[in-house]
Amino acid sequence: MRNLPKESAVKGAALPHITMKRTTAIILATLLTANVFGQQKTLVDESPAETKVEGTEMARLPFVIDVLKQLPKVIVSDNDISVVGRGVPAIYIENRKVTELTELSQIAANKVSSIKVITQPGAEYGKDVQSVIVINTIKENKDGFRLSETMRLDLTDKLAVNNQIRLGWKHNNLILGTFFAFNEENRNFEKNTFTRKYDAQQNQMGEDIKGLQHPDIYKQRWTGRLTSSYKINDDHNVALNYSYNYLRINRTFTPESMTTNRTPEKRHDIDMEYTGKIGNWNLNIGNNSFATDIDNHTFKPASIGNYLQDEFEIRTYAKASTPLWKGSLQVGAEHDYDYMDVDKHDDTQMSSDFMKKFGGIHAVNTDQTLAAFVSTTQNFGNWTVEGGLRYEHRTSIYEPCEDDGLMNYLDYWVNHMDMLRVDPESTNPIARLFLDGHLKTNRDFLYPTLKIATKLGKSSFALLHTQSSVRPYLGLTRLTIKDLENAFVEDRLLVTEKIATTSLNWNYLWTDLTATYTRYSDPICSTLDGSVKYNAPDYDALDVNATLSPKFGVWSPVLNVNMHKQWFDMPLANGKDKLHEMLFKVSMNNTVTLPGNWLILLTANWHSKGGERNVYYYTPNLSLNSSVQKEFPRQRLTLTLSATNILRDSYFDVTRYTQAYNGLSEGVREQDVRMVSLTVNYKI
């Protein structure tokens, strides 16, 4: 996709001896073969990893989240962001880690210079990070005031309004900015939950449909943000930002239960950073933290449940880089401190004195991670070698209070809650550790990485290997339910998943091909709702990913195809053969730029049947989204009409096989409604 022309590419009147049909053919051929739209780069830059946004048509899109939808290998859904073949990515804005995805719907696309998608992160990132998205922003360089307003109207079902106002001011070396947003969301969808259990007599899986639900959800969010930065001199700069979010959710489930949740959530974010240069060293020192206060009241016909949660996280980081020999050296350190206080009670459990005393949760959890890394990049002609090593030490402490009896048991190995019955009078030593509040784990991680890359003509090749190892200290033996009906408990150690990955990449012009082989040791799987986690047998997986991003004048398609093949066996009745089945995922983004500042986007995502870890997709699924945008002269006013889930009959149908429950698998089918919205953006 190229930029719109400053003037028409075809001048003068039509030649008299050329017919109208021939003239049309010449114009179409010119649009499809010639660069009639200036010198700006296409939607996807030549680099397979980094995409330029500044100076391209993507800068015309409303928000960063809209830009991510156009990137190859990135899939954006209503609730999350994923990288094809690499799972949920860690997202950074410069060096600041994004902890609230709604922020990506608040940053204007024209404030972004480039976006990098890293499918094989190096030592700079943690062991659990399998993909990274880094968003680089534009630094304002002109003095004066700037004002812009963006309003989106959701036109489907109930009318919802989303309004955002931005005000910026720059004077000499000082930059100040404010952001205010009010967002509404009305959403209705169909949800069908079911279980499949093995029938030994019939030698097949039976299906038990639990019933079709028609939930609706209403969200109301207020957001305010203050930003500031000061350039001390050419070598030193400081920045300080603060934001406040207030979220309220009203949710209604099945008409039979008539349950409504009203969930006020208050969140504070603050981040500060110093960037500077001392000698040959470039420095980044900063802190980004958040605090939340959740007060969840569940209103039911016969009872009221309460869920209170206070949490704050403090992340401090320091990074430095300097030229070294034929390349560069990078070093850094990071400290994360996460504190959570949870208090949960439900009146439905208060039927006896015992339940009143032991029915619920009141617990405190703290997690700390201290990490350090070193990496170097060296160039030898057409060859580049990158090597790094990261070390992490993690400590988790759980402090249950007196009312912990029948409660959700916190698993420190994976930091997730598992439902277990622990008798408060138990003499089991592990249960006593749990009840007495002496649960603590320490883990050490080593994460080496090595990458070798070379260029041959217009082609580039890269070979990357990453591996994680862990040394867990004795601190907690996990309790796992083996038999759901009898709730028998078995003492068992849940070790941290270890991953070894080797990846080979080839890039030629607009073609990018990657093959990745991964060995999973002690993989941690879970039930569909995540309530129980367990170790599955070791397995191997192969991912092949192809990305094609050619240019055809006004049309810029980006086709991404991913094949996932795994050799995953589970000791369960019927289903392990399905988990061997190959899974295909295909996405295609089509961008068409027309004269008159028109922009058309069409995105399609499809996946086949197949297995992915202990999840099996029972039905293929195709989703289709589109938008049409018109930008008026001087770029002051932009209108965008968008539609999601155009097909309407597409739905999500998945079953997750579990080892913990003998022969039992769970499934869910969801279908979202079609959504149509109009976005108006005005800048002064």
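Analysis parameters
Going along each chain's sequence as written, the residues are numbered from 1 onward. Restriction of local features to residues with pLDDT of at least 70 applies here, the model being predicted, together with a cutoff of 80 or more for giving and counting side-chain atom pairs; totals for whole chains, interfaces and linings are based on all residues. No hydrogens and no water enter the side-chain calculation; it runs on all heavy atoms of the structure. Helical segments are the DSSP runs of H or I of at least four residues, strand segments are the runs of E of at least two, and each set is numbered from the N terminus. Burial status follows relative accessibility: with a 1.4 Å probe on protein chains alone, a residue under 20% of its type maximum counts as buried, one over 50% as exposed, and anything between as partly exposed. It only takes one pair of heavy atoms within 4.5 Å for two residues to be counted as in contact. Computed with the Shrake-Rupley method and a 1.4 Å probe, the accessible areas treat only the protein chains shown as cover for residues. Working definition of a nonpolar core: buried Ala, Val, Leu, Ile, Met, Phe, Trp, Tyr and Cys residues. They are joined through side-chain atoms within 4.5 Å. Counted as salt bridges are all cases of a side-chain nitrogen of Lys or Arg within 4 Å of a carboxyl oxygen of Asp or Glu. Under the pairing criterion, centres of Phe, Tyr and Trp rings, with the six-membered ring standing for Trp, must be within 6.5 Å; the plane angle then separates stacked pairs below 30 degrees from edge-to-face pairs above 60, leaving the rest tilted. We count a charge as sitting over a ring when the NZ of a lysine or the CZ of an arginine lies within 6 Å of the ring centre and within 35 degrees of the ring normal. Within a predicted model, pLDDT stands for the predictor's per-residue confidence, ranging from 0 to 100. The definition of a polar contact used here is a pair of N or O atoms within 3.5 Å, where within protein one atom must be able to donate a hydrogen and the other to accept one, and adjacent residues in sequence count solely through side-chain atom pairs. Each pair of strands is called paired provided DSSP finds at least two bridges between the two strands.

(A) Layout of the overall build of the chain. When you go through the chain residue by residue, the secondary structure sums to five helices and 42 strands. Within the chain, the fraction of its 684 residues that count as buried is 46%. Put simply, of all contacts in the chain between residues at least 6 apart along the chain, 63% involve residues at least 24 apart. Here the chain displays about 33,600 Å² of accessible surface, and carbon together with sulfur accounts for 58% of that area.

(B) Representation of the nonpolar core within the structure. Core analysis: the largest hydrophobic core is formed by 26 residues, its most contacted members being L68, V74, I81, L104, I115, I133 and I135. Elements that contribute at least two residues to this core include exactly helix 2 (64-68), strand 2 (74-76), strand 3 (81-83), strand 4 (90-93), strand 6 (112-118), strand 7 (132-137) and strand 35 (598-607). Considering each element in turn, this core owes the most residues, four residues, to helix 2. For I115, the contacting residues outside a window of four places in its chain are A49, E50, T51, V53, V67, L68, L71, I133, V134 and I135.

(C) Structural context of the pattern of salt bridges. Within the structure shown, the criterion is met by 21 salt bridges. A salt bridge links R519 to D540; its shortest N-O distance comes to 2.9 Å. In this pair, R519 is assigned in strand 29 (residues 511-521) and D540 in strand 32 (residues 539-548), connecting sequence segments 21 residues apart. Look at R519 and you get partly exposed, because its relative accessible area is 32%.

(D) Molecular detail of the packing of aromatic side chains. Evaluation of the coordinates by the stated rule reveals 12 aromatic pairs. When the ring of F145 is compared with that of W169, the centres are 6.2 Å apart and the planes differ by 35°; the resulting orientation is tilted. With a gap of 24 residues between them, F145 in strand 8 (residues 144-154) and W169 in strand 9 (residues 160-171) connect regions that are remote in the sequence. For F145, a relative accessible area of 63% corresponds to the exposed category. Their ring planes at 5° and their centres at 6.3 Å tell us that W506 and Y508 sit as a pair that is stacked. The partly exposed category is assigned to Y508, whose relative accessible area is 34%. Following the ring pairs from residue to residue traces out a cluster consisting of F180, F182 and W222. The ring of F290 has R267 lying over it, and the distance from NZ or CZ to the ring centre is 4.2 Å. It is K630 that lies over the ring of F632; its NZ or CZ is 5.4 Å from the centre.

(E) Broad picture of unusual backbone geometry. With a phi close to 75°, K73 is a non-glycine residue in the positive phi region. Looking at the secondary structure, you find K73 in the loop between helix 2 and strand 2. Even without being a glycine, W325 presents a positive backbone phi close to 55°. One can find W325 in the loop between strand 17 (304-324) and strand 18 (327-346).

(F) Molecular detail of the confidence of the model for the chain. Here the chain shows a mean pLDDT of 76. Residues at 70 or above account for 67%. Taking the mean pLDDT of every element in the chain, the minimum, 34, falls on strand 26 (residues 478-483) and the maximum, 95, on strand 15 (residues 265-278). This model gives residues 354-358 a pLDDT under 50, and the stretch forms 15 contacts once residues within four places in sequence are excluded.

(G) Just the side chain of S627, in detail. You can see S627 is positioned in strand 38 (residues 621-631). Among the residues examined, S627 registers a relative accessible area of 11% and is labelled buried. Those residues in contact with S627, other than ones at most four positions away along the chain, are L599, I600, L601, T640, L641 and S642.

(H) Region of the structure containing the side chain of T679. Assignment of secondary structure puts T679 in strand 42 (residues 675-683). Residue T679 is classed as buried on the basis of its relative accessible area of 5%. The contacts of T679, once residues within four sequence positions are left out, are P62, T150, M151, R152, T638, L639 and T640.

(I) Focus on the environment of N237. Within the secondary structure, N237 is located in strand 13 (residues 236-252). Taking the C-alpha atoms as reference points, N237 and K277, 40 residues apart in sequence, are found 9.5 Å from one another. Those residues in contact with N237 that sit more than four places away from it in its chain are S229, Y230, K231, I232, E273, Y274 and T275. From its side chain, N237 meets the backbone nitrogen of K231 in a polar contact 3.4 Å long.

(J) Up close: the environment of A643. By the secondary structure assignment, A643 is in strand 39 (residues 637-644). Owing to a relative accessible area of 15%, A643 belongs among the buried residues under this scheme. For A643 and L155, which are 488 residues apart along the polypeptide, the C-alpha to C-alpha distance reads 9.7 Å. Apart from the residues within four sequence positions on either side, A643 is in contact with N625, S626, M675 and V676.

(K) Focus on the pairing of strand 28 (residues 498-508). Pairing between strand 24 (residues 459-467) and strand 28: nine bridges, direction antiparallel. Note that in strand 28 the partner of T466 across the bridge is T501. In this structure, strand 28 lies alongside strand 29, joined through 11 bridges in antiparallel fashion. Along strand 29, the bridge assignment pairs N507 with D512. In sequence, strand 28 turns back onto strand 29 through a hairpin of two residues, with L509 there showing a positive phi of about 50°.

(L) Structural context of the sheet that holds strand 6. In space, the five strands of this open sheet follow the order 1-6-7-4-5, with mixed pairing throughout. Since the sheet does not close on itself, it has two edges, and those belong to strand 1 (50-52) and strand 5 (96-97), each with one partner. Of the strand pairs in this sheet, strand 1 and strand 6 are connected by three bridges, and their pairing is antiparallel. Counted as the bridge partner of K52 is S114 from strand 6.

(M) Spatial organisation of the environment of E54. Mapped onto the secondary structure, E54 falls in the loop between strand 1 and helix 2. Given the relative accessible area of 35%, E54 is considered partly exposed. With residues near it in sequence (within four places) discarded, E54 still touches V112, S113 and I138.

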